[in-house]
Amino acid sequence: MSENKKTKEEMINNDCQSQEEQSECQQDGAQPAEANADNQDKATGAGCEKTKQEPEQTTEQDEEKDPLTAAEEKIAALKDQYLRTLAEFDNFKKRTLKEKTELIQNGSEKTITAILPVLDDMERAVANADKAESIQTLEEGWELIFKKLLAALEKLGVRKIEADNQDFNVDYHEAIAMVPGMGDDKKGKVIDCVQTGYTLHDKVIRHAKVAVGQ
């Protein structure tokens, strides 16, 4: 009888131990499950927040990069630039017209200023012509005045066109007569210059009128 009691008591103790182990395992397993649930909830909440924030950022970017607004701003800038350019061109045109008018009115001032000393010499020569001791002295005076006038014109860019014994050149000479029987060496050459021609800064302002050998 005593052995049967011991066996029963051992079985009861084993059952109790197994039950305690099961309860401890259940408790240990429950805690990780709850933790996982909490982590899933947090992850889900974070995902929702991100989902809510993303549309707002996208809307702001769309507003900043609105093509219609950008096009309107560009059109306004181009219009302002066009108006400024138009105003500057109008001022330039008025200024150029004014300068051109002044140049036409006062362009001969430099020429007249250069010739005035020659005019003074001519006045003195005319006033003293009757007091000259000889015709030769008077001629020398007029020759000096003529050379002074040529020098003044040369400073202004005026040059005399050489014609005597030069080959006839339609760019500088105007033939007013043809002289036959001058020989082969005079054929096509200037025989006589009836009127002197001049250039202004290498531009012909008057052709030399000449007679050409035929």
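Look up a bit, the structure's there.
Quick caveat, the model's predicted, so the values are computed rather than measured. (Residues numbered from 1 in each chain as written. Predicted model: local features only at pLDDT ≥ 70, side-chain atom pairs only at ≥ 80, totals over all residues. Heavy atoms only, no water.)

Draft legend 1. Structural view of the side chain of Thr 199. Secondary-structure assignment places Thr 199 in strand 4 (residues 198–200). You can call Thr 199 buried: its relative accessible area is 8%. Once residues lying within four places of it in the same chain are set aside, the contact partners of Thr 199 are Gly 157, Val 158, Arg 159, Ile 161, Tyr 172, Val 204 and Ile 205. (Helix = DSSP H or I, 4+ residues; strand = E, 2+ residues; numbered from the N terminus. Buried < 20%, exposed > 50% of the residue type's maximum accessible area, 1.4 Å probe, protein only. Contact = heavy atoms within 4.5 Å.)

Draft legend 2. Spatial organisation of the pattern of salt bridges. Going through the model one piece at a time under the given rule, you end up with six salt bridges. Residues Asp 90 and Lys 94 are paired through a salt bridge, measuring 3.4 Å at the closest nitrogen-oxygen approach. In this pair, Asp 90 and Lys 94 are both assigned in helix 2 (residues 67–106), four residues apart and thus about one turn of the helix distant. Its relative accessible area of 55% is what places Lys 94 among the exposed residues. Of the charged contacts in the structure, one is a salt bridge between Asp 167 and Lys 189, with a shortest N-O distance of 2.6 Å. (Salt bridge = Lys/Arg side-chain N within 4 Å of Asp/Glu carboxyl O.)

Draft legend 3. The sheet that holds strand 2 (residues 173–179), seen in detail. Across the sheet, which stays open at both edges, the three strands sit in the order 2-6-3 with mixed pairing between neighbours. Since the sheet does not close on itself, it has two edges, and those belong to strand 2 and strand 3 (190–195), each with one partner. Going from strand to strand, the sheet's axes swing by 30 degrees on average, the running direction of each strand aside. As paired strands, strand 2 and strand 6 (residues 208–213) are joined by six bridges and run parallel to one another. Within strand 6, the residue paired with Ala 175 across the bridge is Val 210. (Pairing = 2+ DSSP bridges. Axes fitted to C-alpha atoms, helices over the stretch in contact; angles between N-to-C directions.)

Draft legend 4. Quick peek at helix 4 (residues 135–155). With 21 residues, helix 4 should cover 30 Å at 1.5 Å per step; its first-to-last C-alpha distance of 31 Å lies within 8% of that length. Looking one or two residues past helix 4, Gly 157 carries a phi angle of roughly 95 degrees, positive in sign. (Expected span 1.5 Å × (residues − 1).)

Draft legend 5. Inspection of the nonpolar core at higher detail. Counting five residues, the largest nonpolar core is built from Ala 163, Val 190, Ala 208, Val 210 and Val 212. The element contributing the most residues to this core is strand 6, with three residues. Once residues within four sequence positions are removed from consideration, Val 190 is found in contact with Ala 163, Asp 164, Asn 165, Gln 166, Phe 168, His 173, Val 210 and Ala 211. (Core = buried A, V, L, I, M, F, W, Y, C linked by side-chain atoms within 4.5 Å.)

Draft legend 6. Structural context of the environment of Leu 138. Looking at where Leu 138 falls in the secondary structure, it is placed in helix 4. With relative accessibility at 24%, the residue Leu 138 sits in the partly exposed group. Ignoring sequence-local partners within four residues, the contact set of Leu 138 consists of Ala 129 and Ala 132.

Draft legend 7. Examining the packing of helix 3 (residues 109–127) against helix 4 more closely. Close contact between helix 3 and helix 4 brings their axes to 9 Å; oriented N to C, the two are set at 170 degrees. Comparing the axis directions of helix 3 and helix 4 gives the class roughly antiparallel. Where helix 3 abuts helix 4, its residues Ala 114, Ile 115, Pro 117, Val 118, Asp 121, Met 122, Ala 125 and Val 126 lie against Trp 142, Ile 145, Lys 148, Leu 149, Ala 152 and Leu 153. Partitioning the contact of helix 3 with helix 4 into residue classes produces twelve nonpolar, no polar and two charged. (Parallel < 35°, antiparallel > 145°, perpendicular 65-115°, else oblique. Nonpolar A, V, L, I, M, F, W, Y, C, P; charged D, E, K, R; others polar.)

Draft legend 8. Seen up close, the sheet that holds strand 1 (residues 158–160). Within the open sheet, the three strands sit side by side as 1-4-5. Their pairing is antiparallel. Here the strands that pair on one side only, and so sit at the sheet edges, are strand 1 and strand 5 (203–206). Strand-to-strand, the axes of this sheet are offset by a mean angle of 35 degrees, without reference to chain direction. Across three bridges, strand 4 lies against strand 5 in antiparallel orientation. By the bridge assignment, Thr 199 is partnered in strand 5 with Val 204.

Geometric descriptors of this kind do not, in isolation, establish any biological role.
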